[in-house]
Amino acid sequence: MMKKRIVIKLSGSVFGETANKKSLMKYAKMLKSIGRKMQIVVVAGGGYIARYYINLARELGVDEASLDELGIEVSRLNAQLFVYALGDAAYPHIPTNLHEIVVALETGKIVVAGGLHPGQSTNATSAQIAEKINANTFINATDVVGIYNADPNKYKNAKLFRSIGIRELQNMIVHESTMAGAYDLMDIVALKVIERSKLTTRVVKSDPSVIKRAAYGHNVGTIIIT
Ligand code: UTP
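Residues numbered from 1 in each chain as written. Predicted model: local features only at pLDDT ≥ 70, side-chain atom pairs only at ≥ 80, totals over all residues. Heavy atoms only, no water.

Topic: unusual backbone geometry
For asparagine 134, which is not glycine, the phi torsion reads 60 degrees and is therefore positive. By relative accessible area, which is 64% here, asparagine 134 ends up exposed. (Buried < 20%, exposed > 50% of the residue type's maximum accessible area, 1.4 Å probe, protein only.)

This is the structure:
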């Protein structure tokens, strides 16, 4: 029987300034354990290092498309770092397009990708990958517990949704920034792909035990209803 396929986006913060050997190995161990039961594509975010480069280059007057490309490069660096953490369990090459991901999965190894196309976030990329490989689930691991009605880092009484309809979410994010380095929790490309392919999508806290529970179908974080 074909193994269930799953796409897990890891926030760039997993590889950022607070990362260390212990934290990276915790994620690697958890993914190797899930990987025995499912085929996994991990997508690494760019995080603060991407934003650092993008902001500096923007000051130099660089165009938005090139800034996106900088962000993609950094997400691929994070992906490469994570390949080292996974060791033999990982496919060694960072794919640069959807076709390469399909081919890489044939090896049965954990595939780790960064960004693919300018003009979107790694969340959109993850949704596109999930669509292409017919994944059962897309798990978006973030630095917050799930989707709130306002930014929980700014508003103390922001309310957490256990589930939210795709249309409602689209209405919420329509006014958000679409500048390089500033795509938010979910960008519009991600939401359109989730909607058209009815992807089971869950936004959860980036914590190895929470991600594992989400991978096994437990009701953690926020589920997006399509
Ligand atoms: P991310 O999507 O990781 O942004 O890519 P982020 O805001 O850092 O997300 P977290 O915090 O890690 O979860 C960084 C930047 O790289 C470009 C975008 O400019 C994005 O903001 N990018 C990334 C693309 O243009 N295309 C992609 O497929 C991925």
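We are not done yet, so read on.
Considerations on the packing of helix α4 (residues 98-105) against helix α5 (residues 122-132)
As a packed pair, α4 and α5 sit with axes 10 Å apart at the nearest point and diverge in direction by 55 degrees. Taken together, the axis directions place α4 and α5 in an arrangement best described as oblique. Our pair here, α4 against α5, has a crossing hand that is right-handed. Contacts between α4 and α5 pair Leu98, Ile101 and Val102 from the former with Gln128, Ile129 and Lys132 from the latter. Looking at the contact of α4 with α5 residue by residue, the class counts come to 4 nonpolar, 1 polar and 1 charged. (Axes fitted to C-alpha atoms, helices over the stretch in contact; angles between N-to-C directions. Helix = DSSP H or I, 4+ residues; strand = E, 2+ residues; numbered from the N terminus. Parallel < 35°, antiparallel > 145°, perpendicular 65-115°, else oblique. Left-handed = near helix turned anticlockwise from the far one by under 90°. Contact = heavy atoms within 4.5 Å. Nonpolar A, V, L, I, M, F, W, Y, C, P; charged D, E, K, R; others polar.)

Quick word on a nonpolar patch on the surface
A cluster of nonpolar side chains, namely Tyr52, Tyr53 and Leu56, defines an oily patch on the protein surface of about 330 Å² accessible area. Within the secondary structure layout, tyrosine 53 lies in helix α2 (residues 47-59). (Patch = residues over 30% accessible without salt bridge, like charges linked within 9 Å, V, L, I, M, F, W, Y side chains within 5 Å. Areas by Shrake-Rupley, 256 points an atom, 1.4 Å probe, with all protein chains shown as cover. Salt bridge = Lys/Arg side-chain N within 4 Å of Asp/Glu carboxyl O.)

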